[in-house]
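Chain by chain, the residues run as shown.
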Number of protein chains: 2
Amino acid sequence: MISVKPDAFKEKRDIYVNLGHEVTEIDLKQGRVRVQQEGGRQNNWETFDRLMLSTGAMPAEAPVEGLTAEGIFRINTLQDGLDVMDFIAREQPQNAVIIGGGNIGLEMAENLLLRKMKVTLIEKEAEVMDILDPEMGALVSQALLDMGVRLYRKEPLQSVDLKKNRVRAIVTNNRIIPADLVILALGVKPNIHLAETAGIELGPSGAVRVDDTMRTTAENVWAGGDCAESFHLVSRRPTNIALGTVANKHGRVAGSNIGGKYAVFPGLVGTVVTKVGSTEVARTGLQEKEIHQTGKQYVTAVINSMTRAEYYPESGPIAVKILAEKDSGRLLGGQIVGKAGAAKRIDVLATALHVGLTLEEIADLDLSYAPPYSPLWDPVALAARVTRKKLS
Amino acid sequence: MISVKPDAFKEKRDIYVNLGHEVTEIDLKQGRVRVQQEGGRQNNWETFDRLMLSTGAMPAEAPVEGLTAEGIFRINTLQDGLDVMDFIAREQPQNAVIIGGGNIGLEMAENLLLRKMKVTLIEKEAEVMDILDPEMGALVSQALLDMGVRLYRKEPLQSVDLKKNRVRAIVTNNRIIPADLVILALGVKPNIHLAETAGIELGPSGAVRVDDTMRTTAENVWAGGDCAESFHLVSRRPTNIALGTVANKHGRVAGSNIGGKYAVFPGLVGTVVTKVGSTEVARTGLQEKEIHQTGKQYVTAVINSMTRAEYYPESGPIAVKILAEKDSGRLLGGQIVGKAGAAKRIDVLATALHVGLTLEEIADLDLSYAPPYSPLWDPVALAARVTRKKLS
């Protein structure tokens, strides 16, 4: 998972990477940062001409006591993953409870099942994967149940039962679940403490406000990645999306501008994909609750089709949900849940969102067809065609 | 493969389907067609108010004698496929020779290999799959060789060796190949004989000329499917593409207009996908030889990447070729050859062609990423980024 090691940064790029050095304060007036070395007493000031803030995201927490007890993990860094694996090897936990049904929660559920644990997932909402609308999330909930996960929906975490500072059970509004391994997967929030205390402005999403060159409101300070905002091309508002694709682009743009070139981040459309067992999940654009926030009127439909020609051996079900602006017929968002070959179809809808295509234009696209890949009408185009009928 | 049976046409749609009835002449002045019933002596005239020409395509032929001998098949209709299967069951041929390395030739090669025959494919061009540029076709040629096909390139068919009107061998410029089953797969041409003799105009592609409502130059006559032209949105010229997706759309548009509604066929961008063993093949837009015909100046690059994150178990190689207009940077075409998950990525490029995206815009698309689906930079976006460097 590590693309470039610290040595290579120095040797190949002339960049000094200081691991174990925490910046505890930014002094904008004097152009310097206070650095605390791990385990050291020193507390040096380092000066800068230009500063890049890439402080990332951190796991969201629940307002519940005892979540720092032994056996309870967050999944944020590579080391966190290694720590869980060490704990499993050492303690051989039997009952894993995952709190939260987002990307990380689902990936952990699958992988702990593979390690032969009894896996329970509790989710405070009606369905897992709240980046999907509930009827699409329900398909993912069902996939988890089919895999053997004990899934409890509408059951927020209420407390943890500890014994000698070690987790023994998880308590919801409805039940007590024995637990010797707990994964806290409540999503992430931008890590903005440093920026905030330095007086660097945050945006409406709660992340660091940047312009399209990734410059913050402070002179000579740029920001990018999970801690920074992005312009959402569909809602036309700043948003905070903590994904590697976005962070990579932010970094390139900020780096170009800091280095004296010129680049802009063109905005995003909110594309996310994930996989749960053999079930593929994807979304792009806005989901219903986000459309409500914009005040737009919309139409929507869900179609059920197949990933390949229906007589083709590896064909499996796929559901596509389309959301489009009333009257104009412009696409606002799409959601996909299905078997192999389903998720990557979201890219057509993402491309359509970038350029503001209407449902009619999407239905007319010359998309590829051959029996191993698609029914004659690609499910995405079919969904656009079916949704379009709701416009009139 | 039969979506609607003749009975259902009558019962559910009030449409009379007359199988075994061949139209041998169109009389435009009197609005009637001459119908010859199979095996019958009758030769009736049937009148029409509005006529739809959907005569399809027929296999291209080679200027070689003896190609009607026993053991030599074309693959055009469902019955042709059944005939080959009957022949195999009855004669148990050992040595199959396929003439032509297009879609049909490749599909037949794979399926005859699965039936344990020794399969030889001869191709007159430097590489198979001439809908790809040669360096991309070479990847498909290699896939055939890896599957165990004996492939002879730059070897056009010269003659067939018969014994008692039964095929015994295929002769190229270079060798004699023993053959007891031969598949003639030289591509298709539009079946325009009826239209032509009735004085209905053909277009520059050789297929029936139509406007965007699928109306021919003759009053009250529409055409659609493999026998008709389509407007190519990239070359801005009429073209003839014999694919089910196109035919389905043609039929809907023509049917709407014949029935008194209004619909237009919006044009196509030349998207084609196929599969050879585990190798996926796709193209859209124009290939180099087609760009030359337009006189446009262009830049091009091929990138090699992976279908998924490189550390992900099912990740495999993918090559993407991009062609773009010089100066403007607008996409002109794309070609993909790779393993599972490769081909359907062509749909992003097809969508980009519909709206005239530039390489910069494609590189900036918010395409989906998660390790099971893609490297962080989707190969299609990466290819656009790499090709863009050639613009300056």
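Residues numbered from 1 in each chain as written. Chains lettered and ligands numbered in written order. Predicted model: local features only at pLDDT ≥ 70, side-chain atom pairs only at ≥ 80, totals over all residues. Heavy atoms only, no water.

## As for the sheet that holds strand β7 (residues 95-99) of chain A
Residue and element names in this part refer to chain A.
Next up, step 1: An order of β6-β13-β7-β8-β9 is seen for the 5 strands of this open sheet, with the pairing classed as parallel. The sheet terminates laterally at β6 (72-74) and β9 (150-153), the two strands that pair on one side only. Pairs of neighbouring strands in the sheet enclose a mean axial angle of 20°, with direction left out of account.
Next up, step 2: Direction of pairing for strand β8 (residues 118-123) relative to β9: parallel, over a ladder of 4 bridges. Note that in β9 the partner of T120 across the bridge is R150.
Next up, step 3: Relative to β6, helix α2 (residues 78-91) is tilted by about 155°, and along the sheet it contacts β6 and β13 (181-184).
Next up, step 4: Its contacts with the sheet put helix α4 (residues 134-147) on β8 and β9, and the angle it makes with β9 is roughly 150°. (Pairing = 2+ DSSP bridges. Helix = DSSP H or I, 4+ residues; strand = E, 2+ residues; numbered from the N terminus. Axes fitted to C-alpha atoms, helices over the stretch in contact; angles between N-to-C directions. Contact = heavy atoms within 4.5 Å.)

## A closer look at the relation of the copies chain B and chain A
Next up, step 1: The operation relating chain B to chain A is a screw motion whose rotation component is 180°, with 0.0 Å of axial translation and a residual RMSD of 0.0 Å. A rotation of that kind, with that shift, is consistent with a two-fold axis. Considering only C-alpha atoms, the residue of chain B closest to the rotation axis is V348 of chain B, which sits at 2.6 Å.
Next up, step 2: Same-surface contact between copies: 100% of interface residues of chain B are shared with the interface of chain A. (Least-squares fit on C-alpha atoms with pLDDT ≥ 70 in both.)

## Overview of the interface of chain B and chain A
Next up, step 1: Each partner contributes residues to the interface: chain B has 44 residues there, and chain A has 44 residues.
Next up, step 2: For the pair chain B and chain A, the summed buried area comes to about 3,900 Å², and 60% of that belongs to carbon and sulfur atoms.
Next up, step 3: A per-residue breakdown of the area chain B buries against chain A is headed by K344, D366 and Y373 of chain B, which together make up 20% of the total.
Next up, step 4: At the boundary of chain B with chain A, the tally comes to 2 salt bridges.
Next up, step 5: Between D378 of chain A and K344 of chain B there is a salt bridge whose closest N-O contact spans 2.5 Å. (Buried area = accessible area lost by both parts, 1.4 Å probe. Salt bridge = Lys/Arg side-chain N within 4 Å of Asp/Glu carboxyl O.)

## Notes on helix α6 (residues 244-258) of chain B
Next up, step 1: In a regular helix each residue adds 1.5 Å, so 15 residues correspond to 21 Å; α6 of chain B covers 21 Å between its end C-alpha atoms and thus fits that length.
Next up, step 2: Among all positions in α6 of chain B, only T245, V246, K249, H250, V253, A254 and N257 of chain B are buried. Projected down its long axis, α6 of chain B shows its buried positions confined to an angular sector of 150°, all on one face.
Next up, step 3: Next to the buried residues of α6 of chain B lie α9 (359-363) of chain A together with β4 (51-53), β15 (221-223) and β16 (230-232) of chain B. (Expected span 1.5 Å × (residues − 1). Buried < 20%, exposed > 50% of the residue type's maximum accessible area, 1.4 Å probe, protein only. Arc of directions from axis to C-beta.)

## Here we look at the sheet that holds strand β18 (residues 272-276) of chain A
Sheets are built from strands that pair by backbone hydrogen bonding, the pairs being arranged parallel or antiparallel.
Residue and element names in this part refer to chain A.
Next up, step 1: Across the sheet, which stays open at both edges, the 5 strands sit in the order β18-β19-β22-β21-β20 with antiparallel pairing between neighbours. Of all strands in the sheet, those bounded by a partner on one side alone are β18 and β20 (298-306). Across the sheet, the axes of successive neighbouring strands diverge by a mean angle of 10°, strand direction being ignored.
Next up, step 2: With 9 bridges connecting them, β20 and strand β21 (residues 317-325) associate as antiparallel partners. From the neighbouring strand, V302 faces β21, where its bridge partner is K321.
Next up, step 3: Each of β20, β21 and β22 (331-338) is contacted by helix α10 (residues 379-388), which is oriented at about 140° to β20, the strand it contacts most.

## A look at the packing of helix α3 (residues 103-114) of chain B against helix α4 (residues 134-147) of chain B
Residue and element names in this part refer to chain B.
Next up, step 1: Axis separation between α3 and α4 bottoms out at 11 Å; the angle between their running directions is 15°. Taken together, the axes of α3 and α4 lie roughly parallel to each other. The two elements α3 and α4 cross, and the hand of that crossing is left-handed. Residue-level contacts link L106, A109, E110 and L113 of α3 to V140, L144 and M147 of α4. (Parallel < 35°, antiparallel > 145°, perpendicular 65-115°, else oblique. Left-handed = near helix turned anticlockwise from the far one by under 90°.)

## With respect to the pairing of strand β11 (residues 166-172) of chain A
Residues and elements named next belong to chain A.
Next up, step 1: Along β11, 5 of the 7 residues are buried, which leaves the element largely enclosed by surrounding structure.
Next up, step 2: Here 6 bridges tie strand β10 (residues 157-163) to β11, and the two strands are oriented antiparallel to one another. Residue pairing across strands places L157 opposite T172, the latter belonging to β11.
Next up, step 3: Pairing of β11 with strand β12 (residues 176-178), which is carried by 3 bridges, proceeds in the antiparallel orientation. Opposite V171, over in β12, you have I176 as the bridge partner.
Next up, step 4: A loop of 3 residues connects β11 with β12, the two strands running antiparallel in sequence.

## Here we look at the pattern of salt bridges
Should their charged atoms come close, side chains of opposite charge can pair.
Next up, step 1: Under the definition given, this model contains 40 salt bridges over all chains.
Next up, step 2: In this structure, K321 of chain B and E288 of chain B form a salt bridge, with 2.5 Å as the shortest nitrogen-oxygen distance. Taken together, the residues K321 of chain B in strand β21 (residues 317-325) and E288 of chain B in helix α7 (residues 288-294) connect sequence positions 33 residues apart. The exposure classification of K321 of chain B matches that of E288 of chain B, with both residues buried.
Next up, step 3: Sharing partners across several salt bridges, the network here consists of E70, R90, E91 and R166 of chain A.

## Brief notes about the environment of L106 of chain A
Next up, step 1: Structurally, L106 of chain A is set in helix α3 (residues 103-114).
Next up, step 2: With 169 residues separating them in the primary sequence, L106 of chain A and K275 of chain A have C-alpha atoms 8.2 Å apart.

## Quick notes on the packing of aromatic side chains
In this description, an aromatic ring pair is defined by two values, namely the gap between the centres and the angle between the planes.
Residues and elements named next belong to chain A.
Next up, step 1: Scanning the entire structure with this criterion turns up 2 aromatic pairs over all chains.
Next up, step 2: Between F73 and F87, the aromatic rings sit 5.2 Å apart at their centres with planes inclined by 65°, giving edge-to-face as the arrangement. A residue pair is termed long-range when its members are at least 10 positions apart, and F73 in strand β6 and F87 in helix α2 qualify at 14 residues. An identical accessibility class is assigned to F73 and F87; each is buried.
Next up, step 3: One residue, R175, lies across the ring of Y152, its end atom 3.7 Å from the ring centre.
Next up, step 4: The ring of W377 is capped by R385, whose NZ or CZ atom sits 4.2 Å from the centre of that ring. (Phe/Tyr/Trp six-rings, centres within 6.5 Å; stacked < 30°, edge-to-face > 60°. Lys NZ or Arg CZ within 6 Å of the ring centre and 35° of its normal.)

## Side note on a nonpolar patch on the surface
Next up, step 1: There is a patch of nonpolar side chains on the surface, built from M1, I2 and L78 of chain A together with Y311 of chain B and spanning about 480 Å² of accessible area.
Next up, step 2: A relative accessible area of 48% means that L78 of chain A is categorised as partly exposed. (Patch = residues over 30% accessible without salt bridge, like charges linked within 9 Å, V, L, I, M, F, W, Y side chains within 5 Å. Areas by Shrake-Rupley, 256 points an atom, 1.4 Å probe, with all protein chains shown as cover.)

## Description of helix α8 (residues 346-355) of chain B
Next up, step 1: Extensive coverage of α8 of chain B is indicated by the burial of 8 of its 10 residues.
Next up, step 2: In the stretch just after α8 of chain B, G356 of chain B is the one whose phi turns positive, near 70°.

## Remarks on the confidence of the model for chain A
Do not read the predicted coordinates in detail wherever pLDDT is low.
Next up, step 1: The predicted model of chain A has a mean per-residue pLDDT of 96, with 100% of residues at 70 or higher.
Next up, step 2: This prediction of the complex comes with two scores: 0.96 for pTM and 0.96 for ipTM. (pLDDT = per-residue confidence, 0-100.)

## Looking at the environment of I241 of chain B
Residue and element names in this part refer to chain B.
Next up, step 1: Following the sequence through the fold, I241 ends up in the loop between β17 (237-239) and α6.
Next up, step 2: On the accessibility criterion, I241 (15% relative accessible area) is buried.
Next up, step 3: Note: C-alpha distance between I241 and L202 (39 residues apart in sequence) is 15 Å.
Next up, step 4: Excluding residues that lie within four positions of it along the chain, I241 makes contacts with V246, L268 and G270.

## Regarding the packing of helix α8 (residues 346-355) of chain A against α8 of chain B
To characterise two packed helices, one gives the angle between the axes of the helices and the distance between these axes.
Next up, step 1: Contact geometry of α8 of chain A with α8 of chain B gives a least axis separation of 8 Å together with a crossing angle of 25°. By the angle class used here, α8 of chain A and α8 of chain B are roughly parallel. α8 of chain B is crossed by α8 of chain A, and the crossing has right-handed handedness. The residues of α8 of chain B that touch α8 of chain A, namely those facing D347, V348, T351 and V355 of chain A, are D347, V348, T351 and V355 of chain B.

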